[in-house]
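# Geometric and topological summary
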There are 2 protein chains.
Amino acid sequence: MVASEDTFEEINDALVDVFNNVGWIEEASLHNSDFKDISLKEMHIIAAISMYKEPSASEVAKIVHLTPSSMTTAVDKLVKKGYVERRRSQSDRRMVRLGLTHRGRVVYRAHQAFHRHLTHYLVDSLDVSDMRVVEDAILHLQEYLHNLNHSIN
Amino acid sequence: MVASEDTFEEINDALVDVFNNVGWIEEASLHNSDFKDISLKEMHIIAAISMYKEPSASEVAKIVHLTPSSMTTAVDKLVKKGYVERRRSQSDRRMVRLGLTHRGRVVYRAHQAFHRHLTHYLVDSLDVSDMRVVEDAILHLQEYLHNLNHSIN
DNA sequence: TCGAATGTTTCGATGTTCGAAATAAAAAAC
DNA sequence: GTTTTTTATTTCGAACATCGAAACATTCGA
């Protein structure tokens, strides 16, 4: 059926465009905010820290695809800038547990707000049942990416 | 209404996850392909070249957010690896016009196939009318990002 | 207790990116 | 028609991110 093939191509083109540009826009939006001193990659480190209770350095490294040694230098910078705290676990003193400072939590909330804004534009014109359709579609994509990720690591 | 707020949060969480991971998966997928010698950023340069007729170096630089000087070295590498061709415009001999080699076109088609695969997982479970709903939602998001991009540059 | 395993850090090397200055060609000014 | 200015690209040197191997500290297991 030609109509649905066209729709597929249009969705594909838009999706490619969105994927290619969202990172740069996120970066620019950070640069225009009160937090000009962190990059998008640093933002992802902050987000990874905030999403788990007290992750170790290497757990965060795995999430953001950095080697442990790169993680050390990245955390050094974020500590120096005042976004992240390091402290040795007292149960296992080899581990470094990471946490956010107040400033770290603030910038993370700003990052969350940015993403909520995007989602708002995605679904704002939809009624409840159409939102469920979109949710279902995105969950399928997410699951596929998750499986790919797992089969690679 | 509580139900739609929950749906919003679920869509938002999934979308954040997809945005955060699609780049890494794309990179890993490249690394597992016949084209292990190009990075995702180099892939974006190749895609930008292929999407315009005979773009100049600085036009491509703008699309992929590199400075002209960085573009020079990036193109050097892609020429050396055999993906890109440089040639001076004959109408204006200051300009360098970029094009893909055969190998460049092949890797671009592989990249296209990867994205089509993603789109396939996004929409595969949907009937035609639901596909239109999803298309509409993504077009809204794309338009918003496009406006943001334009208001920044 | 001692050796292996684990988590982190240090160090040196590589690669990417940038900005300023250099180069080359075209366009504008005179 | 020559000179000046603008435009597109490149070169050079510096800054930064990332990595792998080795070092270090700590815990676990034989």
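Procedures and definitions
Residues numbered from 1 in each chain as written. Chains lettered and ligands numbered in written order. Predicted model: local features only at pLDDT ≥ 70, side-chain atom pairs only at ≥ 80, totals over all residues. Heavy atoms only, no water. Contact = heavy atoms within 4.5 Å. Salt bridge = Lys/Arg side-chain N within 4 Å of Asp/Glu carboxyl O. Polar contact = N/O pair within 3.5 Å; in protein donor to acceptor, adjacent residues only side chain to side chain. Helix = DSSP H or I, 4+ residues; strand = E, 2+ residues; numbered from the N terminus. Near = heavy atom within 4 Å. Nonpolar A, V, L, I, M, F, W, Y, C, P; charged D, E, K, R; others polar. Buried < 20%, exposed > 50% of the residue type's maximum accessible area, 1.4 Å probe, protein only. Pairing = 2+ DSSP bridges.

Chain A is annotated in an unreviewed UniProt entry as Transcriptional regulator, MarR family protein from Weissella minor.

### With respect to the interface of chain B and chain A
Taken residue by residue, the interface counts 56 residues in chain B and 56 residues in chain A. On the surface where chain B and chain A come into contact, there are two salt bridges. Between Arg 116 of chain A and Glu 9 of chain B there is a salt bridge, and its shortest N-O distance comes to 2.4 Å. On the surface where chain B and chain A come into contact, there are ten residue pairs in polar contact (both at pLDDT 80 or more). When contributions to the side of chain B that touches chain A are tallied by element, the ones reaching two or more residues are α1 (2-31), α5 (102-123) and α6 (128-152) of chain B. By residue number, the principal contributor to the side of chain B that touches chain A is α1 of chain B, which donates 20 residues.

### Topic: the protein's contact with DNA strand D
The local shell around DNA strand D holds 21 residues, among which Ser 70, Lys 77 and Arg 94 of chain A together with Ser 58 and Val 96 of chain B are the closest. Sugar plus phosphate, as a fraction of atoms of DNA strand D within 4 Å of the protein: 70%. With respect to DNA strand D, the side chain of Ser 58 of chain B contributes an N or O atom lying 2.2 Å from a phosphate oxygen. Val 96 of chain B places a main-chain nitrogen or oxygen 2.9 Å from a phosphate oxygen of DNA strand D. Of all the elements in the fold, those that place two or more residues in the surface near DNA strand D are α4 (68-81) of chain A together with α3 (57-63), α4 (68-81) and β1 (84-88) of chain B. Per-element tally for the surface near DNA strand D: the top contributor is α4 of chain A, with four residues. Residues that form the surface near DNA strand D fall into these classes: five nonpolar, eight polar and eight charged.

### Details of the protein's contact with DNA strand C
Of all residues adjacent to DNA strand C, which total 21 residues, the nearest are Ser 58, Arg 94 and Val 96 of chain A together with Ser 70 and Lys 77 of chain B. The share of sugar and phosphate among atoms of DNA strand C within 4 Å of the protein is 72%. Separating a phosphate oxygen of DNA strand C from a backbone N or O atom of Val 96 of chain A is a distance of 2.8 Å. With respect to DNA strand C, the side chain of Arg 93 of chain B contributes an N or O atom lying 3.2 Å from a phosphate oxygen. Looking at the surface near DNA strand C, the elements with two or more residues in it are α3 (57-63), α4 and β1 (84-88) of chain A together with α4 of chain B. The dominant element in the surface near DNA strand C, judged by the number of residues it contributes, is α4 of chain B, at four residues. Along the lines of polarity and charge, the residues of the surface near DNA strand C split into five nonpolar, eight polar and eight charged.

### A word on the pairing of strand β2 (residues 96-100) of chain B
Residues and elements named next belong to chain B. Across the five residues that make up β2, a large majority, four, are buried. Across five bridges, β1 lies against β2 in antiparallel orientation. By the bridge assignment, Arg 87 is partnered in β2 with Arg 97.

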